Amino acid sequence: MATEKGNVEQTQTCSEHSGKSLELFCTKCDNQPICVKCVLGKHKGHSFEDIASLPETEKKKLVGKLETLAKIKRMIAKDRKEMEETLAKFEETEKTLDDLSNRGDSIAERVEALSDVEQATTIYREIDPLIERVKKDFPQMKKELEKSKSGSVLKW
């Protein structure tokens, strides 16, 4: 609803009943502008006046309230959009954290596998000289074993 020299220029619509014109005001609710559907709902049993019957000073107050409500509605819509964008960013961040967690688990498994390889390498380093000694001494051991089979004493 807008005014020009105190007159109603256009009709404001109800925020609860989309498309319904605000034609009445509820005297019980501080002259809140309402539509005919509001009379049967939230304002049932209240007393009403036709907006056209309001004195000009009351109309100006009412227009001011409507303008304030419209500003609040725009602010709420803006805040809602920002909250939805923030939620989307949060969900994206949560997904990224999940991905990083999974990568961390994979890296931990690789580190554990590397640890096993390092342990195996350490064991190999310890037994490698023994294996080399057995390889070196094997021909001699074989000869001695054959001698023992033929009745000679085994010496290493």
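You'll find the structure just up there.
Reading the values: the criteria
- All chains use their own residue numbering, which begins from 1 and follows the written sequence.
- Local features in this predicted model are restricted to residues whose pLDDT is 70 or higher, and side-chain atom pairs enter the listing and the counts only when it is 80 or higher, whereas totals over whole chains, interfaces and linings include all residues.
- Hydrogens and water molecules were not included; the side-chain quantities draw on all heavy atoms of the structure.
- Under the scheme used here, helices are H or I runs from DSSP no shorter than 4 residues and strands are E runs no shorter than 2 residues, and both carry numbers assigned from the N terminus.
- Exposure categories follow from relative accessible area, calculated using a 1.4 Å probe and restricted to protein chains: below 20% of the type maximum is buried, above 50% is exposed, and the middle band is partly exposed.
- Residue contacts follow a heavy-atom distance rule, with two residues in contact if any of their heavy atoms lie within 4.5 Å.
- To measure how exposed things are, a 1.4 Å probe is used in the Shrake-Rupley method; for residues, cover is taken only from the protein chains shown.
- Think of a nonpolar core as a cluster: buried Ala, Val, Leu, Ile, Met, Phe, Trp, Tyr and Cys residues, connected wherever their side-chain atoms sit within 4.5 Å.
- Between any two strands, pairing holds if DSSP finds at least two bridges.
- Orientation is described by lines fitted to C-alpha atoms, with helices fitted over the stretch in contact, and by angles between N-to-C directions that extend from 0 to 180 degrees.

Student: Honestly, the overall build of the protein chain in this entry has me stumped. Any pointers?
Tutor: The helix and strand inventory of the protein chain stands at two helices and five strands. For the protein chain, the N- to C-terminal ordering of α and β elements is β-β-β-β-α-β-α. Expressed as a percentage of the 156 residues in the protein chain, the buried residues total 13%. Taking as baseline every contact in the protein chain between residues at least 6 positions apart, the subset at least 24 positions apart corresponds to 29%. Looking at the protein chain as shown, the accessible area adds up to about 12800 Å², and 55% of this sits on carbon and sulfur atoms.

Student: When you look at the nonpolar core in this model, what are you seeing that I'm missing?
Tutor: Most often, soluble globular proteins have nonpolar side chains that are buried together. Grouped together as the largest cluster of nonpolar side chains are twelve residues: Cys14, Leu22, Leu24, Phe25, Cys26, Ile34, Cys35, Cys38, Ile51, Leu54, Leu62 and Leu66. At three residues, the largest contribution of residues to this core is made by strand 3 (residues 24-26). Ignoring sequence-local partners within four residues, the contact set of Cys14 consists of Lys20, Leu22, Cys35 and Cys38.

Student: Explanation requested: the sheet that holds strand 4 (residues 32-34) in the structure shown.
Tutor: Sheet architecture is open: three strands sit in the order 4-3-5, paired in antiparallel fashion. What marks the edges here is a single partner per strand, and that holds for strand 4 and strand 5 (48-50). Strand-to-strand twist of the sheet, defined as the mean angle between neighbouring strand axes without regard to direction, takes the value 35°. As defined by bridge partners, strand 3 adjoins strand 5 across three bridges and the pair is classed as antiparallel. Looking at strand 5, one finds that Cys26 is bridged to Phe48.

Student: What should I look at first to understand the side chain of His46 in this one?
Tutor: By the element assignment, His46 lies in the loop between helix 1 (36-40) and strand 5. Not counting residues within four places of it along the chain, the set of residues in contact with His46 comprises Cys26, Lys28 and Cys29.

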